[in-house]
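# Summary of structural features
Chain by chain, the residues run as shown.
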Amino acid sequence: EVGEYLATRGIATHYRSSNYAIAPGSLVTKSGRPYKVFTPFFRQWLNELPAPAPAHIDIGWGPRLRSDPIADGPDPTAGSLPPAGEHAAWDRFERFRARGLDDFDSARNLPGVDGTSRLSPYFKWGSLHPLQMIERLGDGSGEHAFVRQLAWRDFYAAVLFDRPDSARNPYVPGNAVEADTDPDADQRFDRWSRGMTGFPIVDAGMRQLVSEGWMHNRVRMITASFLVKDLHLPWRRGARFFMHHLVDGDLASNNHGWQWVAGTGTDASPYYRVFNPTTQSRKFDPEGNYLRRWVPEIAHLRGAHLHDPSSSTGGGPSEYPAPIVDHARARAEALARYERRAKRR
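Residues numbered from 1 in each chain as written. Predicted model: local features only at pLDDT ≥ 70, side-chain atom pairs only at ≥ 80, totals over all residues. Heavy atoms only, no water.

## A short note on the overall build of the chain
Of the regular secondary structure elements, the chain holds 16 helices and 0 strands. Against the compact-globule benchmark of 20 Å for 345 residues, the chain has a radius of gyration of 22 Å, which places it among compact chains. Residues classed as buried in the chain amount to 47% of the 345 residues present. Taking the intrachain contacts of the chain between residues at least 6 apart in sequence as the baseline, contacts between residues at least 24 apart amount to 73%. Summed over its atoms, the accessible surface of the chain is roughly 18,200 Å², and 51% of this surface lies on carbon and sulfur atoms. (Helix = DSSP H or I, 4+ residues; strand = E, 2+ residues; numbered from the N terminus. Rg over C-alpha atoms; globule rule 2.2 N^0.38 Å. Buried < 20%, exposed > 50% of the residue type's maximum accessible area, 1.4 Å probe, protein only. Contact = heavy atoms within 4.5 Å. Areas by Shrake-Rupley, 256 points an atom, 1.4 Å probe, with all protein chains shown as cover.)

This is the structure we're talking about:
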């Protein structure tokens, strides 16, 4: 009915089959098989992007159509959520384009600055379509980097379309590694989920997640690596917790991102890549702005002590927990488990 009304005004309607730039299942290799690796997928994705649609036209009030009421859902788990709706989405995009897009390629890894688009909730809920973004971008390095992230979103959706089982099960089953499921594991998971591990960058990320329903992408990788390779817990458990809290929770991107960390997914992170949370913190939040915002117990610390409170005099503030694990030992145990898995294959 909307399309028919627009036609009476001389306006063509451009229909899209999904809320992805290219609908899942549309791109295949020359042999007709789904892509398993991102880089060749990305090359074809760039070549197959639809032509830009005409510029936005404000038509004013249209016909009054029947609309079913939105069903009542569960209360949000976060206390602070981004403003909803298309106007809020466009406002966020304009701020990002004016202040952060040029530096996106470098700033997107820094959780202490506003260097990401924060548009993911609007893509998730359909307030914006990724093609609307792409049509408004130029050829700068930051713009190219942003478009590449949109392609990653499409890639994981295509993987899930081809392998629905990979939402819950390893994409590469032979790469699955032993994980702990005993009562002690439950206690470690509880401390991870509450942001009380004693590793500031991990705790900051988990607290941001619960508070805002969102977490910086670099910190998502750090917290995921910590759960899987320091605490030796199942990736599914972390993925489920993220999906419960994320306002931008996309099943394909979330669960395959977790599998990348666990080494069971496409373009899987090598098993020997274990993020050192303290090193990551020093590298990507050198001034500690992110840590001080989300872990106020340690805000008074300076230098290396901020990133590793246990190294300060007396072992750190009394109100902040000691590290839940010794990272070096936990890393060695994770590698040993991966080696045992490799020998059994």
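Okay, back to it.
## With respect to helix α12 (residues 251-262)
With 12 residues, α12 should reach 16 Å at 1.5 Å per residue; the first-to-last C-alpha distance of 16 Å fits that figure. Extensive coverage of α12 is indicated by the burial of 9 of its 12 residues. Restricting attention to buried positions, one finds in α12 the residues A252, N254, N255, H256, W258, Q259, W260, V261 and A262. Considering only its buried residues, α12 is in contact with α7 (141-162), α8 (183-193), α10 (217-230), α11 (235-245) and α16 (327-344). The residue sitting at the N-terminus of α12 and contributing the capping side-chain oxygen is D250; that oxygen lies 3.2 Å from the backbone nitrogen of A252. Count one or two residues on from α12 and you reach G263, which has phi positive near 85°. (Expected span 1.5 Å × (residues − 1). Polar contact = N/O pair within 3.5 Å; in protein donor to acceptor, adjacent residues only side chain to side chain.)

## Describing the environment of T313
Relative to the helices and strands, T313 is located in the loop between α15 (304-307) and α16. Remark: the alpha-carbon pair of T313 and T223, spanning 90 residues in sequence, is separated by 26 Å.

## Describing the environment of G85
Locating G85 in the fold gives a position in the loop between α2 (38-48) and α3 (86-99). In the structure, G85 is positioned 42 residues away from S127 in sequence and 5.9 Å away in space, judged by C-alpha atoms. Not counting residues up to four positions away in its chain, the partners in contact with G85 are Y122 and S127.

## Describing the side chain of R337
Within the fold, R337 resides in helix α16. With a relative accessible area of 9%, R337 lands in the buried category. At 3.3 Å, the side chain of R337 and the backbone oxygen of E178 are in polar contact. Residues within four places of R337 in sequence aside, it is in contact with V177, E178, A179, D180 and H232.

## Quick look at helix α13 (residues 277-284)
Residues P277, T278, Q280, S281 and F284 constitute the buried set of α13. Projected onto a plane normal to the axis of α13, the buried residues spread over an arc of 160° and lie on a single side. Where the residues of α13 are buried, they touch α9 (200-212), α10, α14 (289-294), α15 and α16. Put simply, N276 is the residue that caps the front of α13, since its side-chain oxygen is 3.0 Å from the backbone nitrogen of T278. (Arc of directions from axis to C-beta.)

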